[in-house]
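As a plain string of letters, each chain reads:
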Amino acid sequence: DIQMTQSPSSLSASVGDRVTITCRASQSINRYLNWYQQKPGKAPKLLISAASSLQSGVPSRFSGSGSGTDFSLTISSLQPEDFATYYCQQSSSTPRYTFGQGTKLEIK
Amino acid sequence: EVQLVQSGAEVKKPGESLKISCKGSGYRFTNSWIGWVRQMPGKGLEWMGIIYPGDSDTRYSPSFQGQVTMSADKSISTAYLQWSSLKASDTAMYYCARSPAIRDGMDVWGQGTTVTVSS
């Protein structure tokens, strides 16, 4: 199975900060990489698909990049509503799609 | 509005069977995939598998193959996840989610169904 490793596992930051979360695949997944945001008690929300395609309605402060094995999610200026847990997911290897372990973004 | 509505919380005993549902609306149910994701208490997301309601093509994660069964009834736009014999370790939140194509991200999510298995 393709392993997805996110870093860091947790992160403290302040409103207005620029934050980057990385996701590394154990083998090449081309650009089949999705990013989700999950708030406590809520279902996940798709932010970015295909490594860099921003979903409709997602603020432009979110961006994704990468291909092959190394990917990143950047939030350009943190807003209070962005404090959540973020997951990457590879959708390259059917039917073994896997999620990263998650990155919990907390308020400093 | 495109949405997926899941069935309500369940409390079951070990060894019992269970079938939970996920009803789609606001889009052509047969033209997208429905995936299932498990989240155990306090843990991360686990991808379980995916089904295409149009022809019931189903792909299971090896971790869940043989442990659950996915199905769909396209006549009522509903997908199902079922267990024949629950274990305590099946206690979790289960989400269904839509993928427009098999390799797409999951763009619409159900609200989740909590399954509690306890003697």
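Residues numbered from 1 in each chain as written. Chains lettered and ligands numbered in written order. Predicted model: local features only at pLDDT ≥ 70, side-chain atom pairs only at ≥ 80, totals over all residues. Heavy atoms only, no water.

> So what exactly am I meant to see when it comes to the state of the cysteines here?
Covalent bonding between the sulfur atoms of two cysteines defines a disulfide. Residue and element names in this part refer to chain A. Tallied over the full model, the rule gives two disulfides over all chains. The residue that forms a disulfide with Cys-23 is Cys-88, at a sulfur-sulfur distance of 2.1 Å. The sign of the 70° torsion about the S-S bond sets the Cys-23-Cys-88 disulfide as right-handed. Of this pair, Cys-23 sits in strand β3 (residues 19-25) while Cys-88 sits in strand β9 (residues 85-90); the two residues are 65 residues apart in sequence, bridging distant segments of the chain. Residues Cys-23 and Cys-88 agree in their burial class; the two are buried. (Disulfide = S-S within 2.5 Å. Helix = DSSP H or I, 4+ residues; strand = E, 2+ residues; numbered from the N terminus. Buried < 20%, exposed > 50% of the residue type's maximum accessible area, 1.4 Å probe, protein only.)

> Where do I start with the environment of Leu-11 of chain A in this structure?
Residues and elements named next belong to chain A. You can see Leu-11 is positioned in strand β2 (residues 10-13). It is 13 Å that separates the C-alpha atoms of Leu-11 and Ile-75, two residues lying 64 residues apart in sequence. Excluding residues within four positions of it along the chain, Leu-11 makes contact with Val-19, Lys-104, Leu-105 and Glu-106. (Contact = heavy atoms within 4.5 Å.)

> What's the story with the interface of chain A and chain B in this structure? I'm lost.
Interfaces are often sized by the amount of accessible area the parts lose when they come together. Every contact between the two is made by 19 residues of chain A and, on the other side, 20 residues of chain B. Taken together, the two surfaces of chain A and chain B that pack against each other cover about 1700 Å², and 60% of this comes from carbon and sulfur. On the chain A side of the interface with chain B, the three residues burying the most area are Pro-95, Tyr-97 and Phe-99 of chain A, jointly 32% of the side's total. At the surface where chain A touches chain B, the tally comes to zero salt bridges. Where chain A touches chain B, the interface holds eight residue pairs in polar contact (both at pLDDT 80 or more). Of all the secondary-structure elements, those providing two or more residues to the side of chain A that touches chain B are β4 (33-38), β5 (45-49) and β9 of chain A. (Buried area = accessible area lost by both parts, 1.4 Å probe. Salt bridge = Lys/Arg side-chain N within 4 Å of Asp/Glu carboxyl O. Polar contact = N/O pair within 3.5 Å; in protein donor to acceptor, adjacent residues only side chain to side chain.)

> Got a minute to help me understand the sheet that holds β3 of chain A in this structure?
The strands that make up a sheet pair up through hydrogen bonds in the backbone, lying either parallel or antiparallel. Residues and elements named next belong to chain A. The four strands lie next to each other as β1-β3-β8-β7, forming an open sheet whose pairing is antiparallel. One side of each edge strand has no neighbouring strand; the edge strands of this open sheet are β1 (4-7) and β7 (62-67). Strand-to-strand twist in this sheet, taken as the mean axis angle between neighbours without regard to direction, amounts to 15°. Sheet topology note: the β7/strand β8 (residues 70-75) ladder contains six bridges and is antiparallel. Residue pairing across strands places Ser-65 opposite Ser-72, the latter belonging to β8. (Pairing = 2+ DSSP bridges. Axes fitted to C-alpha atoms, helices over the stretch in contact; angles between N-to-C directions.)

> Teacher, can you tell me more about the side chain of Thr-113 of chain B here?
Residue and element names in this part refer to chain B. As for its position among the elements, Thr-113 is in strand β11 (residues 113-117). Residue Thr-113 is classed as buried on the basis of its relative accessible area of 1%. Of the polar contacts made by the side chain of Thr-113, one reaches the side chain of Gln-6; its length is 3.2 Å. If we ignore the near neighbours within four places in the chain, the residues touching Thr-113 are Gln-6, Ser-7, Gly-8, Ala-9, Ile-20, Ala-92, Met-93 and Tyr-94.

> What should I look at first to understand the sheet that holds strand β1 (residues 3-6) of chain B in this one?
All names here are of chain B. Pairing within the open sheet is antiparallel, and its four strands lie in the order β1-β3-β8-β7. Across the chains shown, the open sheet's two edge strands, defined by having one partner strand only, are β1 and β7 (69-73). For this sheet, the mean angle separating the axes of adjacent strands, direction not counted, is 20°. By the bridge criterion, five bridges tie β7 to strand β8 (residues 78-83) in an arrangement that is antiparallel. Looking across to β8, one finds that Asp-73 is bridged to Thr-78.

> Would you explain the pattern of salt bridges in this entry?
Two side chains carrying opposite charge are able to pair once their charged atoms lie near each other. Per the stated rule, a full pass over the model turns up eight salt bridges over all chains. Between Glu-81 of chain A and Arg-61 of chain A there is a salt bridge, and its shortest N-O distance comes to 3.4 Å. Taken as a pair, Glu-81 of chain A in the loop between β8 and β9 and Arg-61 of chain A in the loop between β6 (53-54) and β7 lie far apart in primary sequence, 20 residues in all. Residue Arg-61 of chain A is classed as buried on the basis of its relative accessible area, which comes to 18%. The shortest N-O distance in the salt bridge between Asp-57 of chain B and Arg-59 of chain B comes to 2.8 Å. In the salt-bridge network here, residues are joined through shared partners; they are Arg-61, Glu-81 and Asp-82 of chain A.

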